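The chain contents come next:
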Amino acid sequence: MKIGDNLKKLRENKGLTQQDMADLMHTHRTGYSKMENNQQDIPVDKLIFVAKHFGIAVDDIIFFNEKSGVPNEVSVEDSAVLEQLKLINELDKEEKNILLKLIETFVSKKRFKDYLQKNIAAL
């Protein structure tokens, strides 16, 4: 399944219209419709914005069909981690983007390792 299909499932599960999503993403409804119908690529910044808005990871949108149900919203119970997130939020935009890219790289690396281990064991 493609990202547009996953975006549609997320939108429908949240009870939103295409216009609601277009407004959220600061784009025209026809542009959003093209993204959802896989006729136009979804800009990375818009994908990140949607993920942040719904409190989910970008991977949860990209791999929506491989997960069960609607992605859960992020909750942080560890106060030390919450404090670190608040400090990260105070960084300037460029520093935050660099940090987020690093985090996504490490998460993707771990998921890839887990995937390889699972599939190598199946051989």
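Scroll up a little and you will see the structure.
So, here is what we can say about the structure in this document. What you see is a predicted model; the values in this text were computed from it and never measured.

## Let's talk about the overall build of the protein chain
Moving on, step 1. Along its length, the protein chain carries seven helices and zero strands.
Moving on, step 2. Going residue by residue from the N terminus, the α and β elements of the protein chain occur as α-α-α-α-α-α-α.
Moving on, step 3. Across the 123 residues of the protein chain, 23% fall into the buried class.
Moving on, step 4. Of the roughly 9000 Å² of accessible surface on the protein chain, a fraction of 55% belongs to carbon and sulfur atoms.

## Things to note about the nonpolar core
The nonpolar side chains of soluble globular proteins are, as a tendency, buried together.
Moving on, step 1. L7, M21, V50, F54 and I61 are the most contacted members of the largest nonpolar core, which has 16 residues in total.
Moving on, step 2. Among the elements of the structure, α1 (3-13), α2 (18-24), α3 (29-36), α4 (44-54) and α5 (58-62) are those that each provide at least two residues to this core.
Moving on, step 3. With four residues, the single largest contributor to this core is α4.

Parameters at a glance
Residues numbered from 1 in each chain as written. Predicted model: local features only at pLDDT ≥ 70, side-chain atom pairs only at ≥ 80, totals over all residues. Heavy atoms only, no water. Helix = DSSP H or I, 4+ residues; strand = E, 2+ residues; numbered from the N terminus. Buried < 20%, exposed > 50% of the residue type's maximum accessible area, 1.4 Å probe, protein only. Areas by Shrake-Rupley, 256 points an atom, 1.4 Å probe, with all protein chains shown as cover. Core = buried A, V, L, I, M, F, W, Y, C linked by side-chain atoms within 4.5 Å.

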